[in-house]
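Observations on the three-dimensional arrangement
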Amino acid sequence: MPDAVICEPLRTPVGRFGGVFRDLAPEDLAATVIAEIVSRTGLVGADIDDVILGQASPNGEAPAIGRVAALNAGLGESVPGLQVDRRCGSGLQAIITAVMQVQSGNSDLILAGGVELLSQAEFYTTGMRYGVRSESVTLSDRLARARVTAGGRNFPVPGGMIETAENLRAEFAISRGDQDALAAQSHQRAVAAQESGAFAEEIVPISVPQHRGDPLKIDTDEHPRPNTSIESLAKLPAIRSKVDPDSTVTAGNSSGQNDGAAIAIVTTSDMAARLQLRPLARLAGWAVAGVPPRTMGIGPAPATEKVLTRLGLSLADMDVIELNEAFAAQALAVTRTWGLASDDPRLNPNRSGISLGHPVGATGARILATLLRELDRRDGRYGLETMCIGGGQGLAAIFERMT
């Protein structure tokens, strides 16, 4: 079976909801990253067998967004593309799928990752196709609706993802103070990483047109807040306090909903050598697990256990551990299950969803861009990436650094 290596993982800065990228299109965010990969590596369309992009909130403006992004990036009509959706794991799943496609021998080089522009997610209705029979039509917010329906009809979670975090908070007896402490640390580490230049190699600047004057160049993640403290977080109200007086999940100790794109090259070692690409890592193994939709946030625990067991490894073998922070309560539930301290220096060293944001379809690929470069800086061998997934899943992958 051919091997598969990962080269040149790049990403856009992560924008806030309704922030700097709100008037752009997701396919154009992805196309900009593709164009930068081509510029840095000298790839041409004939080198690329497929473009696989994760996206969790698609629309009819860019169907099969991998194909549309490829066309918009100028790769040519011969380069195909597709879209995958495993909710929060979509970007990582796209890379895993690309690895398997290369290993099968059916592709030699694929661009894979994810994109999300939640600021552009539409309101929609399913009630107008065959005529309107009432005086009004109800529109649903795609973002909010998908969080409620992710468990299907048999496993409703009416409070959406926030309810799932509160369920874990109650099950693991996680205090508000512990959640706010993790959130404050997340912002502090993310800001420190920005100031140190840790993200410089992985970020592709985005040019945002302005109504007047020259375009605005965005080269820094918008979500981290340098003045965040435990004291400031403690002032925020719990989101579900009206329905649950014991609730503790706030906007401050939850991930953001964000905009961004991230893409990497997945190819064979032989092709990488021929094209003079530097492989950063190989996918050593991966696993997906199902958990109750009501406690979807615990998904990384069984998924990680599966992949570690398959590889004969343990958490002690990991040099960098990236656990996406969907919620502080959720992340703490996972680390307590693992028996891992929340301030372990291997864990999210440049932090994660609470501070850097969570552009859902892109997050898995964004994490990979950060993880592989951090693994390289530390001269480490193994990196773990894992995340919870709305609807009750966990996805985990272990990457081995190429030396």
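A look at the environment of Glu171
Structurally, the position occupied by Glu171 is in helix H5 (residues 160-171). Classification of Glu171 as exposed rests on a relative accessible area of 54%. Here the alpha-carbon distance between Glu171 and Ala333, two residues 162 residues apart in the chain, equals 8.7 Å.

Describing the packing of helix H9 (residues 300-311) against helix H10 (residues 328-338)
Across the interface, H9 lies against H10 with an axial gap of 9 Å and an inter-helix angle of 40 degrees. As far as their axial angle goes, H10 and H9 are oblique. For the pair formed by H9 and H10, the contact residues are Pro300, Ala301 and Thr304 on the first element and Gln330, Val334, Thr337 and Trp338 on the second. Of the residues that constitute the contact of H9 with H10, the class distribution is four nonpolar, three polar and no charged.

Observations regarding the nonpolar core
The biggest cluster of nonpolar side chains holds 37 residues, and the ones touching the most others in it are Ile6, Val266, Leu372 and Phe399. Other than its neighbours up to four places away in sequence, Val266 contacts Ala4, Val5, Ile6, Ile95, Ala98, Val99, Val102, Asp108, Leu109, Ile110 and Ala112. Val68, Ala69, Val79 and Ile218 belong to the second-largest nonpolar core, a separate cluster that totals 36 residues.

Topic: the pairing of strand S10 (residues 258-267)
The buried count for S10 comes to ten of ten residues, which makes it a mostly enclosed element. Because side chains alternate across S10, one face comprises the buried residues Asn258, Gly260, Ala262, Ala264 and Val266, and the other comprises Asp259, Ala261, Ile263, Ile265 and Thr267, equally buried. The sheet contact formed by strand S1 (residues 5-11) and S10 spans five bridges and is antiparallel. Residue pairing for S10: Ile6 is matched across the bridge by Val266. In the sheet, strand S2 (residues 15-16) pairs with S10 via two bridges, with the strands oriented antiparallel. The residue of S10 that forms the bridge with Gly15 is Asp259. As defined by bridge partners, strand S5 (residues 109-117) adjoins S10 across nine bridges and the pair is classed as antiparallel. If you follow Ala112 over to S10, its bridge partner there is Ala264.

Here we look at a nonpolar patch on the surface
Residues Phe123, Met128, Val132, Val137 and Leu139 make up a contiguous nonpolar surface patch of roughly 460 Å² in combined accessible area. Position of Met128 among the secondary structure elements: in the loop between strand S6 (123-124) and strand S7 (140-141).

Considering the pairing of strand S3 (residues 50-54)
Within S3, five of the five residues are buried, leaving the element largely enclosed by the surrounding structure. Residues Asp50, Ile52 and Gly54 line one face of S3 and the alternating positions Val51 and Leu53 line the opposite face, and both faces are buried. Pairing analysis gives five bridges linking S3 to S5, with the strands arranged parallel. Directly across from Val51, in S5, lies its bridge partner Leu111. Inspection of the sheet shows S3 paired to strand S4 (residues 81-84) by four bridges, in the parallel sense. Note that in S4 the partner of Leu53 across the bridge is Gln83. Each parallel crossover has a hand, and for S3 linked through helix H2 (residues 65-72) to S4 it is right-handed.

Calculation rules
- Residues numbered from 1 in each chain as written.
- Predicted model: local features only at pLDDT ≥ 70, side-chain atom pairs only at ≥ 80, totals over all residues.
- Heavy atoms only, no water.
- Helix = DSSP H or I, 4+ residues; strand = E, 2+ residues; numbered from the N terminus.
- Buried < 20%, exposed > 50% of the residue type's maximum accessible area, 1.4 Å probe, protein only.
- Axes fitted to C-alpha atoms, helices over the stretch in contact; angles between N-to-C directions.
- Parallel < 35°, antiparallel > 145°, perpendicular 65-115°, else oblique.
- Contact = heavy atoms within 4.5 Å.
- Nonpolar A, V, L, I, M, F, W, Y, C, P; charged D, E, K, R; others polar.
- Core = buried A, V, L, I, M, F, W, Y, C linked by side-chain atoms within 4.5 Å.
- Pairing = 2+ DSSP bridges.
- Patch = residues over 30% accessible without salt bridge, like charges linked within 9 Å, V, L, I, M, F, W, Y side chains within 5 Å.
- Areas by Shrake-Rupley, 256 points an atom, 1.4 Å probe, with all protein chains shown as cover.
- Salt bridge = Lys/Arg side-chain N within 4 Å of Asp/Glu carboxyl O.
- Right-handed = clockwise from strand over helix to strand, strands pointing away.

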